[in-house]
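Letter by letter, the chains look like this.
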Amino acid sequence: MNFSIKNICCIGAGYVGGPSMSVIALNNPSIKVNVVDLNIKRIDEWNDNNLDKLPIYEPGLKEIIKLCRNKNLFFKTSVEESIAEADMIFICVNTPTKIKGIGAGQASDLIWVEASARQIAKHARSNVIVIEKSTIPVKTALTIKTILNCSDTESNLNEKRFYVLSNPEFLSEGTAINDLKNPDRILIGGDDEKSIEALEDIYKTWVPKKKIIRTNLWSSELSKLTANAFLAQRVSSINSISALCESTGANVDEVAKAIGSDSRINPKFLKTGPGFGGSCFKKDILNLVYLCNFYGLQEVALYWQNVLDLNYWQTKRISKIIVNKLFGTITEKKIGILGFSFKADTNDTRESPSITICQDLIEEGAILKIYDPKVSIYQIESDLKLKEKGNNSSKTNSWEFHQNLYDTAHESDAIIVLTEWEEFSNIDWVRISSLMRKPSWVFDTRRIIDRDKAMESGLKTWIIGQG
Ligand code: UDX
Ligand code: UDX
């Protein structure tokens, strides 16, 4: 069957669906792209005239939205209608870790993927290409195919035909637009030649053909989980060495440079930090662990579980170091927190190590003064499960929100750098020092500050991965 793609529908207007479809629309002006979501507020934000109010912050995104929105890119809540119009449907809904039932705490919850498949079975026309973009366990395409071709849905009555492909997204938040515009590779898994060609044609408008990799469905699904597991493993590896550097007097950046110059190792993803966060790494490794156990591969499961355990240990050890350095107690002490997102250049806080570290410090009795250039007070309240001091009539709570980094230093005993925002590399430490209570500490978990300047200003410093 030959396809002529004129109309794309993407279910899920999140961190993956929104930017991915924006770049597809930008490069395929003759194709109408509808991005749909159940969440009305999210869609309203995508449609806001003020482009600074888009629901996600990504460098370069608002420029594309300005060019394409309401021309060939539309953000809508009319899911059924958009499915009915589409020749190609991307599933970009969330696949969180299950919180109850079989596989709770490890397996991915496919409730939204299944719901999307059922909606497609019911409302799509015939000969539609359905594409899994959400990260999902291996063999999910089988579930989707089964639902689409199930005899108790209207699909069979109307003799609809569906072609299921896997096309995982490898974008990294904060550089999503650049990653989408210049991908290392596009991975397409499937068994129907014509539908694969139709998807390839969309990417070929801006991606060189040699970067498009074809595999079978299961290899494609498993490659996404494996890619994230390998990346996370590198971060855990360098984080394990950071602790050894602190104990021995070695410098983790020097070690990373020395080993990264070996072309077999390469220099990327060797930056130590407070532990990896983000929506994918933990969830995907948990899922991998679950799959390995399911297939009776306990040793393999344990191997990957250790990557997660090391990550948790790295985050927790930072809280302990802070308490120890501040004379073993931080009760009633003010501590400035610089950065709350899980990495720079995003407002996303999912699985951010800042959440765990802030919770630990609050538990120890500290009063936190938090600043992040892009994360809102409401998001921090939701993550910490605590109202901000000014928003709480009882005033018993333990953290304040600040609009600039210097305010966090006022009467603080310590400043903790938790996210590598560019502005934290250019801090006026003389000014900071003059505002803080003595002795004053700065803890840098991202190795981004100018340590010499901080020390010259009278601050005591602790830098991760350095004796
Ligand atoms: C999601 C998955 O979490 C991840 O596993 C995958 O790799 C890519 O897609 P992300 O885009 O970051 O990642 O998720 P999120 O920002 O939560 O967006 C998902 C959107 O789907 C939400 O806006 C949600 O409202 C929407 N959704 C969910 C639907 O529109 N319909 C549904 O049935 C379920
Ligand atoms: C990741 C994958 O990179 C991407 O391909 C996939 O599609 C989704 O998951 P993302 O989570 O957005 O992307 O960000 P990434 O840059 O991978 O960082 C993940 C976490 O690892 C962050 O907390 C980051 O600070 C940390 N990290 C990354 C390090 O601590 N050191 C590094 O060298 C790299």
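Everything that follows concerns the structure shown earlier in this document.
Residues numbered from 1 in each chain as written. Chains lettered and ligands numbered in written order. Predicted model: local features only at pLDDT ≥ 70, side-chain atom pairs only at ≥ 80, totals over all residues. Heavy atoms only, no water.

Participant: Any details on the packing of aromatic side chains? Residues and values, ideally.
Facilitator: Counted by the stated rule, this structure contains 11 aromatic pairs. Taken together, a centroid distance of 5.0 Å and an interplanar angle of 90° make the contact between Phe294 and Tyr295 edge-to-face. Geometrically, the ring pair formed by Phe443 and Trp462 is tilted, given 6.3 Å between the ring centres and 45° between the ring planes. Pair noted here: Phe443 is in strand 13 (residues 441–444) and Trp462 is in strand 14 (residues 460–463), with a separation of 19 residues, a long-range link. Chaining the aromatic ring pairs together yields one cluster made of Phe230, Tyr303 and Trp304. Above the ring of Phe74, the side-chain terminus of Lys32 is found at 5.5 Å from the ring centroid. Just above the ring of Tyr406 sits the side chain of Arg431; from NZ or CZ to the centre is 3.9 Å. (Phe/Tyr/Trp six-rings, centres within 6.5 Å; stacked < 30°, edge-to-face > 60°. Helix = DSSP H or I, 4+ residues; strand = E, 2+ residues; numbered from the N terminus. Lys NZ or Arg CZ within 6 Å of the ring centre and 35° of its normal.)

Participant: Can you break down a nonpolar patch on the surface residue by residue, with the values?
Facilitator: A contiguous nonpolar patch, built from Phe294, Tyr295, Leu297 and Val300 and spanning about 410 Å² of accessible area, is present on the exposed surface. Counting through the fold element by element, Phe294 comes out in helix 12 (residues 281–294). By relative accessible area, Phe294 is classed as exposed at 57%. (Patch = residues over 30% accessible without salt bridge, like charges linked within 9 Å, V, L, I, M, F, W, Y side chains within 5 Å. Areas by Shrake-Rupley, 256 points an atom, 1.4 Å probe, with all protein chains shown as cover. Salt bridge = Lys/Arg side-chain N within 4 Å of Asp/Glu carboxyl O. Buried < 20%, exposed > 50% of the residue type's maximum accessible area, 1.4 Å probe, protein only.)

Participant: I'd love a proper account of the sheet that holds strand 9 (residues 334–338), names of residues and values included.
Facilitator: Strand order across the open sheet formed by 6 strands is 11-10-9-12-13-14, with parallel pairing between neighbours. Since the sheet does not close on itself, it has two edges, and those belong to strand 11 (399–401) and strand 14, each with one partner. Adjacent strand axes in the sheet meet at a mean angle of 20°, parallel and antiparallel pairs treated alike. Both strand 13 and strand 14 contribute to a ladder of 4 bridges, which runs parallel. Along strand 14, the bridge assignment pairs Phe443 with Trp462. Relative to strand 13, helix 13 (residues 298–325) is tilted by about 165°, and along the sheet it contacts strand 9, strand 12 (414–417), strand 13 and strand 14. Sheet strands touched by helix 14 (residues 353–363): strand 9, strand 10 (367–371) and strand 11. Its angle to strand 10, the strand with the most contacts, is close to 155°. (Pairing = 2+ DSSP bridges. Axes fitted to C-alpha atoms, helices over the stretch in contact; angles between N-to-C directions. Contact = heavy atoms within 4.5 Å.)

Participant: I'd like a description of the packing of helix 13 against helix 14, backed by residues and values.
Facilitator: Angle between the axes and distance between the axes are the two parameters that describe a pair of packed helices. At a minimum axis separation of 9 Å, helix 13 and helix 14 run at an interaxial angle of 35°. The handedness of the crossing between helix 13 and helix 14 comes out as right-handed. Packed against helix 13, whose contacting residues are Thr315, Lys316, Ile318, Ser319 and Ile322, the element helix 14 presents Pro353, Thr356, Ile357, Asp360 and Leu361 at the interface. Per-class residue counts for the contact of helix 13 with helix 14 are 5 nonpolar, 3 polar and 2 charged. (Left-handed = near helix turned anticlockwise from the far one by under 90°. Nonpolar A, V, L, I, M, F, W, Y, C, P; charged D, E, K, R; others polar.)

Participant: Before we move on, could you go through the site of ligand 1 and cite the residues and values that matter?
Facilitator: Lining the immediate environment of ligand 1, one finds 17 residues, of which Asp37, Arg42, Thr95, Thr135 and Lys283 sit closest. Contact distances for ligand 1 include 3.1 Å between an oxygen atom and a backbone N or O atom of Leu38. Here ligand 1 has 680 Å² of accessible area as a free molecule, and 92% of this is covered by the chains. Residue classes in the shell around ligand 1 are distributed as 6 nonpolar, 7 polar and 4 charged. (Near = heavy atom within 4 Å. Polar contact = N/O pair within 3.5 Å; in protein donor to acceptor, adjacent residues only side chain to side chain.)

Participant: Account for helix 15 (residues 377–384), with residues named and values stated.
Facilitator: Taken as a whole, helix 15 has its buried residues at Ile377, Ile380, Glu381, Asp383 and Leu384. Seen from one end, helix 15 has its buried residues packed into an arc of 165°, which puts them on one side. Check the buried side of helix 15 and you find it contacts helix 14, strand 10 and strand 11. Just downstream of helix 15 lies Lys385, where phi reads positive at about 55°. (Arc of directions from axis to C-beta.)

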